[in-house]
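# Fold and geometry: a report
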Amino acid sequence: MAQELTTQGGRDVAASNGVSNPIEKAFTPAVDIFEKGEATVVLADMPGVTPDDIDVTLERQVLTLTGRVKSHAPEGYRRLSSEYREGDYSRVFTLSDAVDQKKIKADFKNGVLRLELPRAAEAKPKKIAVKAA
Amino acid sequence: MLHTTFAPFGATDPFADMRRVQGEMNRLFDGFGTSRQSTVYPPVNFWVGQDSIVMRAELPGLSQDDIEITVKDTMISIRGSYPDHDADEEAAWHRRERPKGTFSRSVELPFRINADHIDARFEHGVLTVEMQRPEDDKPKRIKIKS
């Protein structure tokens, strides 16, 4: 249903070809994807992102999720220990079904992006009546 | 992997060692790449200031009511559980990567903290806890008389 374009192993740095540019680092957000009724629901974890810094695009069948994290180290503090890193999020999927673009619902709460992608009318299975001869 | 209990080549099975090595290799590479999922959850970051310490943890999908923080002397504990909203049986799952279930973690702090002056905030899925060192625990500057 939703196929991933760039295969990345979980929350790792997407482009890590030896270049350690802190700006170009992007994490792969963990996602839940399921079908519920007539819609495909996508949940993506993007902690630290404000709703204004989320970008969702759907071009043809390609769904791109990006989130920008503003560096927010507490002022007047120095780092003591760090078990996780902060950075931007990015993930791309291809959808197999056509989506009714006008009915897409997106909201962002507690660091989780929730997308509801309703199937387009032409993608719904049609019943074909068979006439008896 | 299927193991035969009898030895098909008698006592000296020439493939026994090979199978053993293969089994070990499989175990080694099992869960390769998933090892980033550490057993301690959630991962936390710490910052220290003059007389305070800041702890931060990413807990997306939770609300402030789902998180419980307790502090005692130099120990801080966070506990919580992920709500299971879309757990109805009608949903057909394609991917399930987001954390679920309950978690609990205790972390030892480098100094004692004042339990009355803790500022905990939860914004966009990130928990930030600012803790102050108690007055009697602060290092004192001693004036030297000439």
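Here the residue numbering is sequential within each chain, running from 1 through the sequence in written order. Naming scheme: in the order in which they are written, chains are lettered from A and ligands are numbered from 1. Predicted model: local features are reported for residues with pLDDT of at least 70 only, side-chain atom pairs are reported and counted for 80 or more only, and whole-chain, interface and lining totals are derived from all residues. Side-chain numbers here rest on the full set of heavy atoms in the structure, without hydrogens or water.

## Description of the nonpolar core
Considering soluble globular proteins, one finds that nonpolar side chains tend to be buried as a cluster. Under the convention used in this document: Throughout this description, the term nonpolar core refers to a set of buried Ala, Val, Leu, Ile, Met, Phe, Trp, Tyr and Cys residues connected via side-chain atoms within 4.5 Å. Remark: exposure states derive from per-residue accessible area (1.4 Å probe, protein chains only) relative to the maximum for the residue type, with buried under 20%, exposed over 50%, and partly exposed in between. Numbered from the N terminus, helices here are DSSP runs of H or I no shorter than four residues, and strands are runs of E no shorter than two.
Counting residues in each nonpolar core, the largest one holds 21 residues, and the members touching the most others are Ile53(B), Met55(B), Leu59(B) and Met131(B). Every element with two or more residues in this core is listed here: strand 1 (44-48), strand 2 (52-58), strand 4 (75-81), strand 6 (102-108) and strand 8 (126-132) of chain B. Phe27(A), Val42(A), Ala44(A) and Val69(A) belong to the second-largest nonpolar core, a separate cluster that totals 20 residues.

## Details of the packing of aromatic side chains
Residues and elements named next belong to chain A. How we decide: Pairing of aromatic rings covers Phe, Tyr and the six-membered ring of Trp, with a centre-to-centre limit of 6.5 Å; geometry is then stacked below 30 degrees between planes, edge-to-face above 60, and tilted otherwise.
Summed over the entire model, instances satisfying the criterion amount to five aromatic pairs over all chains. Look at phenylalanine 27 and tyrosine 89: their rings are 6.4 Å apart centre to centre, the planes differ by 50°, and that puts the pair in the tilted class. One end of the pair, phenylalanine 27, is in strand 2 (residues 26-27); the other, tyrosine 89, is in strand 8 (residues 88-95), with 62 residues separating them in the sequence. Judged by its relative accessible area of 4%, phenylalanine 27 falls in the buried class. Note on tyrosine 89: relative accessible area 2%, which makes it buried.

## Some details on the sheet that holds strand 4 (residues 39-45) of chain A
Put simply, the test is: Two strands form a pair only when DSSP identifies at least two bridges running between them. Here, axes are lines fitted to C-alpha atoms. For helices the fit covers the stretch in contact, and angles between N-to-C directions go from 0 to 180 degrees.
In space, the five strands of this open sheet follow the order 9(A)-10(A)-4(A)-3(A)-5(B), with antiparallel pairing throughout. Of all strands in the sheet, those with a lone pairing partner are strand 9 (105-109) of chain A together with strand 5 (92-96) of chain B, marking the two edges. If you compare each strand with its neighbour and ignore which way they point, the axes differ by 10° on average. Across seven bridges, strand 4 of chain A lies against strand 10 (residues 112-118) of chain A in antiparallel orientation. Bridging across to strand 10 of chain A, Thr40(A) finds its partner in Leu117(A).

## Some points on the interface of chain A and chain B
Here is the rule: Contacts are residue-level and defined by heavy atoms, with any inter-residue pair within 4.5 Å sufficient. In short, buried area is how much 1.4 Å probe accessible area vanishes from two parts on joining, totalled over both. Note on definitions: salt bridges are taken to be side-chain nitrogens of Lys or Arg within 4 Å of carboxyl oxygens of Asp or Glu.
The interface is formed by 44 residues belonging to chain A together with 38 residues belonging to chain B. Carbon and sulfur atoms supply 50% of the area that chain A and chain B bury against each other, a total of about 3500 Å² over both sides. It is Tyr77(A), Tyr84(A) and Asn110(A) that lose the most area in chain A upon contact with chain B, and together they represent 21% of the buried surface on that side. Here chain A and chain B share four salt bridges between them.

## Regarding the environment of Glu35(A)
The cut-off we apply is this: Pairs of N or O atoms are called polar contacts if they sit within 3.5 Å, as long as, within protein, a hydrogen donor faces a hydrogen acceptor (for residues adjacent in sequence, only side-chain-to-side-chain pairs).
With respect to the helices and strands, Glu35(A) occurs in strand 3 (residues 31-36). In sequence terms Glu35(A) and Pro118(A) are 83 residues apart; their C-alpha atoms lie 9.5 Å from each other. Among the polar contacts made by the side chain of Glu35(A), one reaches the side chain of His94(B) at a distance of 2.4 Å.

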